[in-house]
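Report on the structure
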Amino acid sequence: MSRVAKNPIKLPSGVDLNINGSQLTVKGPKGNLELVLHPAISFDENDGEYMVKPDGPQNMAMAGTFRALVDNMVTGVSTGFQKKLRLVGVGYRAQVQGKNLNMALGFSHPIDYVTPEGITIETPSQTEITVSGCDKQKVGQVAAEIRAYRPPEPYKGKGVRYADERVARKEAKKA
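So, here is what we can say about the structure in this document. (Residues numbered from 1 in each chain as written. Predicted model: local features only at pLDDT ≥ 70, side-chain atom pairs only at ≥ 80, totals over all residues. Heavy atoms only, no water.)

**Here we look at helix H2 (residues 136-148)**
- Helix length check: H2, at 13 residues, gives a terminal C-alpha distance of 18 Å against a target of 18 Å (1.5 Å per residue), a fit within 8%.
- Within the sequence span of H2, burial applies to Val139, Val142, Ala143 and Ile146. Take H2 and look down its axis: the buried residues cluster within an arc of 95°, on one side only. Among the exposed residues of H2, those oriented more than 90 degrees off its buried face are Gln137 and Ala148.
- The inward-facing, buried residues of H2 contact strand E7 (81-88), strand E9 (100-104), strand E10 (111-114), strand E11 (119-122), strand E12 (128-133) and strand E13 (159-162).
- If you check the start of H2, you find a side-chain oxygen 3.3 Å away from the backbone N of glutamine 137, and it comes from aspartate 135. (Helix = DSSP H or I, 4+ residues; strand = E, 2+ residues; numbered from the N terminus. Expected span 1.5 Å × (residues − 1). Buried < 20%, exposed > 50% of the residue type's maximum accessible area, 1.4 Å probe, protein only. Arc of directions from axis to C-beta. Contact = heavy atoms within 4.5 Å. Polar contact = N/O pair within 3.5 Å; in protein donor to acceptor, adjacent residues only side chain to side chain.)

**Comments concerning the pattern of salt bridges**
- Evaluated as defined, the whole model comprises 3 salt bridges.
- With a shortest N-O distance of 3.4 Å, aspartate 71 and arginine 67 are connected by a salt bridge. With a gap of 4 residues between them, aspartate 71 and arginine 67 both fall in helix H1 (residues 60-78), about one helical turn apart.
- Overall, aspartate 71 belongs to the partly exposed group, its relative accessible area being 24%.
- By relative accessible area, which is 11% here, arginine 67 ends up buried.
- Two residues, glutamate 171 and lysine 174, come together in a salt bridge whose shortest N-O distance is 2.2 Å. Across the pair, lysine 174 and glutamate 171 agree in class, each one exposed. (Salt bridge = Lys/Arg side-chain N within 4 Å of Asp/Glu carboxyl O.)

**A word on the packing of aromatic side chains**
- Taken as a whole and judged by the stated rule, the model has 1 aromatic pair.
- On the numbers, 6.3 Å between centres and 80° between planes, the contact of tyrosine 113 with tyrosine 149 is edge-to-face. You can see tyrosine 113 sitting in strand E10 and its partner tyrosine 149 sitting in the loop between H2 and E13, a full 36 residues away along the chain.
- Its relative accessible area of 7% is what places tyrosine 113 among the buried residues.
- Under the relative-accessibility criterion, tyrosine 149 is labelled partly exposed at 32%.
- Lying over the aromatic face of phenylalanine 107, arginine 150 brings its terminal NZ or CZ to 4.2 Å of the ring centre. (Phe/Tyr/Trp six-rings, centres within 6.5 Å; stacked < 30°, edge-to-face > 60°. Lys NZ or Arg CZ within 6 Å of the ring centre and 35° of its normal.)

**Focus: the sheet that holds strand E1 (residues 9-10)**
- Spatial ordering of the open sheet is given by E1-E6-E5, a layout of 3 strands whose pairing is antiparallel. Only two strands of the sheet have a single neighbouring strand rather than two, namely E1 and strand E5 (41-46).
- As defined by bridge partners, E5 adjoins strand E6 (residues 49-54) across 6 bridges and the pair is classed as antiparallel. Of the residues in E6, the one forming a bridge with asparagine 46 is glutamate 49. (Pairing = 2+ DSSP bridges.)

**Side note on the layout of surface pockets**
- As a volume, the largest pocket reaches approximately 170 Å³.
- What lines the largest pocket is simply Leu33, Glu34, Leu35, Leu69, Asn72, Met73, Cys134, Asp135, Lys136 and Gln137.
- Listed by contribution, the elements that provide at least two residues to the lining of the largest pocket are strand E4 (31-36), H1 and H2. (1 Å grid on protein atoms, 1.4 Å probe; cavity = no way out; pocket = protein on both sides within 12 Å on 5 of 7 lines; lining within 4 Å. Points joined across faces, edges and corners; volume = space filled by probe spheres on them.)

**Regarding the nonpolar core**
- By size, the foremost hydrophobic cluster in this structure holds 21 residues, and its most contacted members are Ile9, Leu17, Leu24, Val26, Phe43, Val70 and Val74.
- Listed by contribution, the elements that provide at least two residues to this core are strand E3 (23-28), E4, E5, E6 and H1.
- It is H1 that contributes the most residues to this core, 7 residues altogether.
- Beyond its immediate chain neighbours, meaning those up to four positions away, phenylalanine 43 contacts Ile9, Ile19, Leu24, Leu37, Tyr50, Met51, Val52 and Val70.
- In terms of nonpolar packing, the next biggest core, distinct from the first, is built from 19 residues, Ala94, Leu101, Tyr113 and Ile119 among them. (Core = buried A, V, L, I, M, F, W, Y, C linked by side-chain atoms within 4.5 Å.)

Below is the structure:
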């Protein structure tokens, strides 16, 4: 049985949650997010706290999933989400030009990444990239797409990595 679904969702000040049929909308200072609810899930409101109610014990897993999704939406519109990436390698650099992220990652050509709607990309230095936004899934997806251009390799450690990622290094072959 899901323990996640039993926790209430607390709304911080400035965040508004509306349920219109199967459409759930969360509005806050950082933006607006929408979610289509599963038919087996409903929400009960008690003085600013929302509880997820499944319509049977077989739907407790779905209730836990939707509770986590809605809680992430509330966190996103109030404080936002952020992923930091680091470029490791000689000549690897990145800079933001308008809505595009331009990267030099050791290829014969520069890489231009078009920033999707609702995502902000910043480069505090030439070897650091910060991806931020209110949608947790979209922030993680953009960070993963940027990392996929040149994932870190195990021999020299060069590539695009998350700021907190630790790359396991391998020893080169001996003759």
